[in-house]
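# Secondary and tertiary structure notes
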Amino acid sequence: MTTEKQRAAARTNIRKAQAAWASMSSRQHAIAQPEGQVRKKPGTGGEGNYFHVEVRRSDDFVTFRTQDVGEPGHIQRVAGKRGSGSWDTVKWLISKDDDAHMDHGHLVADSNGAKQVLSELGAEPVHVKGDIFEAKPRPKVAESEKPTPAQKRARRENIKKAQAARRG
């Protein structure tokens, strides 16, 4: 049973809600509905299993693929396909369990794989919010400095592999 005071309060609350609704635009009506609310973007809540190190804006890409790098479930590369058809790294997902932790707003690598990923970035990751960090892609190497020592080493190894395959 409701008291007269409660019924009067309910009436005034209903009138206030009706007046607020009448003053809203159709866009505001849609946003006020539970269906009109946008879901949280991955990583913003801080409760996931991965740190997200964003390297490029996802707006530039039309399709995404996730690839395990090394052991499954540790470090993942999110690759994006541009409208032109070229692929590039959008962000890195680094496991919170074994690979990295956050210390005073900085991402600290715990595993060799995470150390390698973070060292190859163009800048140290900066904490944005939740589990999200922003960094720059790895620096471009000028054509005059190519082939780099790593490229020379990889080419030598590939030639040795091809020669070994031919022989045996």
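Note that the coordinates shown come from a computational prediction; the quantities given were computed from them, not determined experimentally. (Residues numbered from 1 in each chain as written. Predicted model: local features only at pLDDT ≥ 70, side-chain atom pairs only at ≥ 80, totals over all residues. Heavy atoms only, no water.)

Another aspect to go through is the environment of Met24. Take Met24: it is sitting in the loop between helix H1 (4–22) and helix H2 (26–32). For Met24 and Ala164, which are 140 residues apart along the polypeptide, the C-alpha to C-alpha distance reads 75 Å. In this structure, Met24 is in contact with His29 and Ala32, ignoring residues within four places of it in sequence. (Helix = DSSP H or I, 4+ residues; strand = E, 2+ residues; numbered from the N terminus. Contact = heavy atoms within 4.5 Å.)

Two modes of strand pairing occur in sheets, parallel and antiparallel, and in both the strands are linked by backbone hydrogen bonds. Taking strand neighbours across the sheet as the criterion, the 6 strands line up as S2-S3-S4-S1-S8-S7 in an open arrangement whose pairing is mixed. Of all the strands in the sheet, just strand S2 (61–69) and strand S7 (126–129) have a single pairing partner and so form its edges. Neighbouring strand axes in the sheet, compared pairwise and without regard to direction, differ in orientation by 30 degrees on average. Packed on one face of the sheet, helix H3 (residues 112–120) meets strand S3 (75–82) and strand S4 (87–95) and runs near 140 degrees to S4. (Pairing = 2+ DSSP bridges. Axes fitted to C-alpha atoms, helices over the stretch in contact; angles between N-to-C directions.)

This part is about the pairing of S4. Walk down a regular strand and you will see the side chains alternate between the two sheet faces. Most of S4 is tucked away, with 7 of its 9 residues classed as buried. Bridging between strand S1 (residues 50–54) and S4 involves 5 bridges; their strand directions are antiparallel. Of the residues in S4, the one forming a bridge with Tyr50 is Ser95. As paired strands, S3 and S4 are joined by 7 bridges and run antiparallel to one another. Note on S4: the bridge partner recorded for Gly80 is Asp88. The antiparallel hairpin formed by S3 and S4 contains 4 residues in its connecting segment, where Gly85 sits at a positive phi of about 105 degrees. (Buried < 20%, exposed > 50% of the residue type's maximum accessible area, 1.4 Å probe, protein only.)

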